Amino acid sequence: MGLTPTRVLASFSSSQPLRFASTLLLRSQSRIFTKPPFWTMASVAVTTPAQGDGASQIAPQSTQAHTGKRPFPGGGQKGRPHKMKKKAKKTKVGEGSHEEVLMMDIQNLMAAHKISEDGAETTKEQPPLPEQGSEIEVDVVEISSTGDGLAKQKGSDRIYVVPFTVPGDTVRVKVYRHLEQEGYTVADFIEVTSPSPLRDDSRIKCKYFAKCSGCQFQMLDYSDQLRLKRDIVVKAYRNFSGLPSEVVPEILETIGSPLKYGYRTKLTPHFDGPPGARRRGNTKAWETMPPVGFTPKGSNKVMDIEECPIGTEAVNQGLKLERERLAKEHGKYTKGATILLRESTKRVPNAQIQKPLSDLTAEEAAALVPAGILPKPLAVEMSSSMTEYKSCITNHNATSTEYIDNFIFTNPAGFFFQNNNSILSPFTDYIRQHILPPSGGLANAPGAKPIRTLIDAYSGSGLFTITQSALFPGGSIGIDIAEKSIDYARKNALLNGLNEKQCSFIAADAPELFKSVKKYDPDETVVVLDPPRKGCDNSFLTQLLDFAPTRVVYVSCNVHTQARDVGFLVRGQAEAELSASTGSTGGKKNEQADDPFDVLLQNDVKTRKHKRPVRYEIESIRGFDFFPQTGHVEGVAVLNRVDS
Ligand SMILES: C[S@@+](CC[C@H](N)C(=O)[O-])C[C@H]1O[C@@H](n2cnc3c(N)ncnc32)[C@H](O)[C@@H]1O
C-alpha cells in the first residue's frame, strides 16, 4: 500500500493544500480576477444517468460524436525520459467544464507535489513514461472534483487520472494516453491490488460499476461521500471564484439525500444508430435489438443496461418495458435515439380508495397516472390517510406530476424538473429558512426595509416561486426562457391556490427580467438564481448588480460556475465596470494588479465619485447531495448587498 491511513485521510480532505501551493494558486486567481478565463472548447459530453438530460420520448441522436471519449486527444510520448515541465500549459476548456475542473485539480496537485518538505521546489529527473497500452501499478493520492482518482507511480511525479478509485487505493491500470501538453496521463482502471481503508466494495450496488461512467462513489461510505462533496465545494470556491480566502466563509457540511439509491425520477438511456446510420440517406434499420443504456467510460458506444440502481422503481420498470418494446420494434429505427423515463405520481386520499390496485380494471388503473406506461401503477402508502400511485412517462409532452410536502407540481415530462424528489422537502425548507435575512426579513443595514418580493430567475415550472411564496407579501415573480415551463408554472400556482398577485411568471431570457423589475424596490427584494450548468452570463450579472437587490440566493448544480459568478458579485460593480471598459479579454492594466482587492479599491475610489459601486458579501455556502453515488453536488450560496 502506498499510503498510510493517516496520509490517506490527509489526502482525502485535500482542501488544505500546502501554504506555498495556495500562494501559487492565489496568484493564478488574481489573473482570473483581472482577466476571467473565458476559455472555450466543446466539452466532452459523457451522458450518465446522473447527468443525462435528454428530453424526448425517442429523441433521435443528432450528435453522437463525443459521448464517452477520453478528454484531450493529445499526442503520445513513448518510452522517452522526460523532465517535469515547469508549468503545465493551459488547455482551452469550457467554463466549469469537466475538463477545466480536472485540469485545475491536476495543476494544483502538481504544484503541491513539486514542493519538498522544506518548501524548496524539486526538479528531479523523471523515469521514462510507460508505453501506452502497458499495465502499471499506481497509488491514488486524491479524488478530483470530477470524481476521478489522481494517482502516481512510485518514483515518478507523473499524474495518472484513473476513474473508480479512492485515495489510498493501489491499483493496476492500463495506460491509455499520455497528454503531452497537459502533462498528465489517462489510464483505464483494471483492478485494486491494495484497497484504501475508505473502500468497501460490498457497498457497490450496481452490476455495471466501473463499466458505466456514472456513480463512481459507490465504494465509499455515505458520510465520506458527503465529506468529499464538501471538499468539492471548497475547491470550487478556491479555484474558480477568484476571491481571497478571507471573504469566503467556511463551507458548511453537505446535507445528505434521504434516499441514497432509487432516487432518480428521470433517466434518459439511449441507443446508437445501426451500422451505416451516419451515412446520408441511410434507410437500413437495426436487424437485432441494439444495446440500450449509457455510455461506458472510455468508449463512445452505448453499453446495454437492464437496470439502474439510482433510478426509482417506477423508472426502472419503465426501462424494462421500453427494452421489451425495442426488442420487438428495433426494425423501425434507422438512427440512434434517447428514451425519456420520467416518474409521475398521483396522491389519493385513502378514504377515496374503493378497491385494491390488483382489482382495478385497466381503465381504472390508467386513470390513476394517465400518461404512465406501467400496466398498473406502483402503490406506495404514504400515511394512514394518503397513498401515492407512481408510473413512468416516456412521452416528453405528457404531463408528469410530483409532490413536495403539500405542494403539487406538474411539468411537461421532457422539461427540467429536479431529479431527486426525496431531497426536495428538506431542500426547499432550507431555502425557506435562508431566503430572508436571519434578522427576520430585515436586511443587514441599519434602517433596512423588510423584504417583500421574491424574483426567481431561471424558475422552471416554479419550484421556488411557489414553495417560497408565502414569505412574500409583495408577491413572487418567476422567469424562465422555456415557454412551456412557464405555462406549467402558471398552472402550478393555481393548483397550489396562489393567485396572480401572489405568484406571477414571465417567459423570457433571464437578462430581459431587468426590464420588468423596475417597479420593485431592490431594498425590499431577494433574487433567487438557479441557472443551468453553465451559470449566468455577464450581461445578466451586470444587470443584477445594477438592479442591486438586497439579498441573493444562488442555487446551482455546478458549483464551479456558481463560484465564478459569486466571485463576480462579490467583487461587484467596480470589477464589472472595469471588465466592460477593457473588454472581456482583460487589459494589460488589469494584469499588473496582483491582488484582486487592490483592483477593487482602485476602482471603488474611481467609481464612488458618481455612485457607490454595488457589491455583495457571502453569508453562507452549503452543498446538498442531490446525486448520491456520483461526484455531483448542488450548491446554495446566500449573499447580502454590502451597504456600509
Ligand atoms: C437548473 S434549471 C432550474 C429550474 C427551477 N429553478 C427548478 O429548480 O425546477 C434551469 C432553468 O433555466 C432555464 N433557462 C436556461 N437558460 C435560460 C435563460 N437564458 N433565461 C432564462 N431561463 C433560462 C431552463 O429552462 C431551466 O428551467
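Just above sits the structure.
Residues numbered from 1 in each chain as written. Predicted model: local features only at pLDDT ≥ 70, side-chain atom pairs only at ≥ 80, totals over all residues. Heavy atoms only, no water.

### Considering the site of the ligand
Taken together, 16 residues lie near the ligand, and Gln-418, Asp-480, Asp-509, Ala-510 and Asp-530 sit nearest. Separating an oxygen atom of the ligand from a side-chain N or O atom of Gln-418 is a distance of 2.7 Å. Contact between the ligand and Ala-510: a nitrogen atom at 2.7 Å from a main-chain N or O atom of the residue. In isolation the ligand exposes 590 Å². Once the protein is present, 88% of that is buried. Of the residues that constitute the shell around the ligand, the class distribution is 10 nonpolar, 3 polar and 3 charged. (Near = heavy atom within 4 Å. Polar contact = N/O pair within 3.5 Å; in protein donor to acceptor, adjacent residues only side chain to side chain. Areas by Shrake-Rupley, 256 points an atom, 1.4 Å probe, with all protein chains shown as cover. Nonpolar A, V, L, I, M, F, W, Y, C, P; charged D, E, K, R; others polar.)

### Some thoughts on the sheet that holds strand S26 (residues 634-641)
Here 8 strands make up an open sheet; going across it, the order is S9-S25-S26-S24-S23-S20-S21-S22 and the pairing mixed. Each edge of the open sheet is held by one strand with a lone partner, namely strand S9 (252-255) and strand S22 (503-507). With strand direction ignored, the average angle separating the axes of adjacent strands in the sheet is 20°. By the bridge criterion, 2 bridges tie S9 to strand S25 (residues 616-624) in an arrangement that is parallel. In the strand pairing of S25, Leu-252 is matched with Arg-622. In this fold helix H4 (residues 222-240) packs onto S9, S25 and S26, with an angle of close to 125° to the strand it touches most, S9. In the packing of helix H9 (residues 483-495) onto the sheet, contacts are made with strand S21 (475-480) and S22, and the angle to S22 comes to roughly 170°. (Pairing = 2+ DSSP bridges. Helix = DSSP H or I, 4+ residues; strand = E, 2+ residues; numbered from the N terminus. Axes fitted to C-alpha atoms, helices over the stretch in contact; angles between N-to-C directions. Contact = heavy atoms within 4.5 Å.)

### Topic: the pattern of salt bridges
In total, this model carries 29 salt bridges according to the counting rule given. The salt bridge involving Arg-347 is made with Glu-388; its shortest N-O contact spans 2.8 Å. Placement of the pair is Arg-347 in strand S15 (residues 341-349) and Glu-388 in strand S17 (residues 386-393), with a sequence separation of 41 residues. For Glu-388, a relative accessible area of 6% puts it in the buried group. Here Arg-641 and Asp-523 are joined by a salt bridge, their closest N and O atoms 2.8 Å apart. With Arg-641 in strand S26 and Asp-523 in the loop between helix H10 (513-516) and strand S23 (525-529), this pair connects stretches of sequence that are 118 residues apart. The exposure class of Asp-523 is partly exposed, given its relative accessible area of 27%. (Salt bridge = Lys/Arg side-chain N within 4 Å of Asp/Glu carboxyl O. Buried < 20%, exposed > 50% of the residue type's maximum accessible area, 1.4 Å probe, protein only.)

### Description of the pairing of strand S19 (residues 407-412)
Remark: a regular strand shows side chains that alternate across the two faces of the sheet. Across the 6 residues of S19, 5 count as buried, placing the element largely inside the fold. Pairing analysis gives 6 bridges linking strand S18 (residues 399-404) to S19, with the strands arranged antiparallel. For Thr-399, the partnering residue across the bridge sits in S19 and is Pro-412. Linking S18 to S19, which pair antiparallel, is a turn of 2 residues; within it Asp-405 sits at a positive phi near 50°.

### Considerations on the sheet that holds strand S5 (residues 149-152)
A barrel is described by the order of its strands in space; here 5 strands give the closed sequence S4-S5-S6-S8-S7, paired in mixed fashion. Between one strand and the next, the sheet's axes are offset by a mean angle of 50°, whatever the strand orientation. Relative to strand S7 (residues 170-179), strand S4 (residues 135-143) is paired through 5 bridges, and the arrangement is antiparallel. Considered in S7, the bridge of Val-138 is made with Val-171.

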